[in-house]
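# Overview (structure and organization)
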Amino acid sequence: MQILRTPDERFAALPDWPYAPRYHQLADADGTSLRLHYVDEGPRDGAQVLLLHGEPSWAFLYRKVIAGLVAKGCRVIAPDLIGFGRSDKPADRGDYTYERHVAWMSQWLTELDLKGLTLFCQDWGGLIGLRLVAAFPERFAGVVVANTGLPTGGGMTDGFKAWLNFSQSVPQMPIGMLINGGTMRDLSPEEVAAYDAPFPDESYKEGARQFPALVPVTPEHASVAQNLQAWTVLERFERPLVTAFSDGDPITKGGEAPFQARVPGAQGQPHVTLHGGHFLQEDSPDAIVEVISDLITRRG
């Protein structure tokens, strides 16, 4: 597996990003070593919060959420998925599979021995993060699900279909512009540049291009069986699960319904609708902090 690594200087002087990089070496099944980047901020004895980003963003998406949660005394951990942010990037699209990402993040989670986690997951952070909950339910004390899903081949929204078609056909993928287009507010030029920073050229974007095609929206997609199995675990998950979808995301509109209906831990929870587009972390970071903090407080 050929690996690309974004030069460190691409991440200099990012706005609202004072966080020191941390790294963990992963071993792929084929023997390749991959470096995964993550943020780990706040007191070691604080309530532990895991923030998982999706496509095509990175942990920068959570910069204000991290600050807000640390101010409340939480330990906040925010990794970059392989192929994104400061993490290593396989150069071949074929090296990106759903199951490989679940395996990589499972390895990271268990080797760091993270426990008692409150997960906030959005976009692919949910597709992967909810698989982690299903594989290691004992490590999660609560879950907040936002603008994501755990699809099992049952089709797609018109919004996702448009995104899929665009992502597979656009000659150059404008990452920062895509994030800006998925928010209700206009990002500053510096913020747009921060989302472009992980990708010096198109060769670094193979993961960003491949991820939309991996979402199991048809019965023929890989990982349908694994997601069905994960749902059988979630349908027994009794720890609190709160949905916090946004009011302006055509891609995941209505996606909160199966979680509210099928997960025991979602019953009686104060589910919320937050203001924002697909990347609601940019539109409602303070509200996200409160949703997570309230869940931790109610849990005791």
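First things first, this report covers the structure right here in the doc. These numbers were taken from a predicted model, which means no experiment stands behind them.

## Structural notes on the overall build of the protein chain
- Check the secondary structure of the protein chain and you find 11 helices and 10 strands.
- Taken against the 2.2 N^0.38 rule, which gives 19 Å for 300 residues, the C-alpha radius of gyration of the protein chain at 18 Å falls within 12% of a compact globule.
- Of all 300 residues assigned to the protein chain, the portion counted as buried reaches 59%.
- The long-range fraction of contacts in the protein chain, counting pairs at least 24 apart against all pairs at least 6 apart in sequence, stands at 78%.
- When the accessible surface of the protein chain is summed, it comes to about 11400 Å², and 52% of that surface belongs to carbon and sulfur atoms.
- Distance between charge centres in the protein chain, computed from 26 positive and 37 negative side chains, equals 4 Å.

## Observations concerning the pattern of salt bridges
- Scanning the model with the defined rule gives 18 salt bridges in all.
- Across the pair aspartate 88 and arginine 5 runs a salt bridge, and its minimum N-O distance is 2.8 Å. Of the two residues, aspartate 88 sits in the loop between strand E5 (75-79) and strand E6 (89-90) while arginine 5 sits in the loop between strand E1 (3-4) and strand E2 (22-27), which places them 83 residues apart along the sequence.
- When its relative accessible area of 42% is taken as the criterion, arginine 5 is described as partly exposed.
- Look at the salt bridges and you will find they share partners, linking Asp28, Asp30, Asp95 and Arg100 into a network.

## Digging into the environment of arginine 44
- Mapped onto the secondary structure, arginine 44 falls in the loop between strand E3 (33-41) and strand E4 (48-52).
- Looking at arginine 44, the relative accessible area reads 45%, which means it is partly exposed.
- Residues arginine 44 and cysteine 74, spaced 30 residues apart in sequence, show a C-alpha to C-alpha distance of 8.3 Å.
- Here aspartate 40 takes part through its side chain, which lies 2.9 Å from a polar atom of the side chain of arginine 44.

## Quick word on the layout of surface pockets
- In this model, the largest pocket occupies a volume close to 530 Å³.
- Lining the largest pocket are 28 residues; nearest its centre among them are Thr148, Gly149, Pro151, Ile251 and Thr252.
- Secondary structure elements with two or more residues in the lining of the largest pocket: helix H3 (124-135), helix H4 (158-169) and helix H9 (256-262).
- Residue classes in the lining of the largest pocket are distributed as 14 nonpolar, 11 polar and three charged.
- Approximately 260 Å³ is the volume found for the second largest pocket.

## As for the packing of H4 against helix H7 (residues 206-214)
- Contact geometry for H4 and H7: axes closest at 9 Å, N-to-C directions at 140 degrees. In terms of their interaxial angle, H4 and H7 are classed as oblique. By crossing handedness, the relation of H4 to H7 is classed as left-handed. Across the interface between the two elements, Phe160, Trp163, Leu164, Ser167 and Gln168 of H4 pack against Arg209, Pro212 and Ala213 of H7.
- In terms of residue class, the contact of H4 with H7 is built from five nonpolar, two polar and one charged.

What counts and what doesn't
The written sequence of each chain sets the order in which its residues are numbered from 1. Only residues with pLDDT of 70 or above have their local features reported here, since the model is predicted, and side-chain atom pairs are shown and tallied only from 80 upward, although totals for entire chains, interfaces and linings are computed over all residues. Side-chain numbers come from the whole structure's heavy atoms, not from hydrogens or water. Only DSSP runs of H or I covering at least 4 residues are called helices, and only runs of E covering at least 2 are called strands; the numbering of each starts at the N terminus. Only C-alpha atoms enter the radius of gyration; for comparison, a globular chain is expected to reach 2.2 Å times N to the power 0.38, where N is the number of residues. In this scheme, a residue with accessible area under 20% of its type's maximum is buried, one over 50% is exposed, and one in between is partly exposed, where area comes from a 1.4 Å probe on protein chains only. A contact between two residues is defined here by any heavy atoms of the two lying within 4.5 Å. Areas reported here follow the Shrake-Rupley algorithm with a probe of radius 1.4 Å; residue values treat only the protein chains shown as occluding. Within this scheme the basic residues Lys and Arg register as positive and the acidic residues Asp and Glu register as negative, but His and the chain ends are omitted. For the purpose of locating charges, the reference atoms are NZ of Lys, CZ of Arg, CG of Asp and CD of Glu. For this analysis, a salt bridge means a side-chain nitrogen from Lys or Arg found within 4 Å of a carboxyl oxygen belonging to Asp or Glu. We call two N or O atoms a polar contact when they sit within 3.5 Å, provided that within protein one can donate a hydrogen and the other can accept it, with sequence-adjacent residues counted only if both atoms are side-chain atoms. Cavity: a set of points on a 1 Å grid over the protein atoms alone where a 1.4 Å probe fits but cannot get out. Pocket: an open set with protein on both sides within 12 Å along at least five of seven lines, its lining residues, like those of a cavity, having an atom within 4 Å of a point. Grid points are joined across faces, edges and corners, and a volume is the space filled by probe spheres set on the points. In this classification, Asp, Glu, Lys and Arg are treated as charged, Ala, Val, Leu, Ile, Met, Phe, Trp, Tyr, Cys and Pro as nonpolar, and every other residue, Gly included, as polar. Note on definitions: angles span 0 to 180 degrees between N-to-C directions of axes, and those axes are lines fitted to C-alpha atoms, for helices only across the stretch in contact. With respect to orientation, any angle under 35 degrees is reported as roughly parallel, any angle over 145 as roughly antiparallel, any angle of 65 to 115 as roughly perpendicular, and every other angle as oblique. Whether a crossing is left-handed or right-handed is set by the direction in which the near helix is turned from the far one by less than a right angle, anticlockwise for left-handed and clockwise for right-handed.

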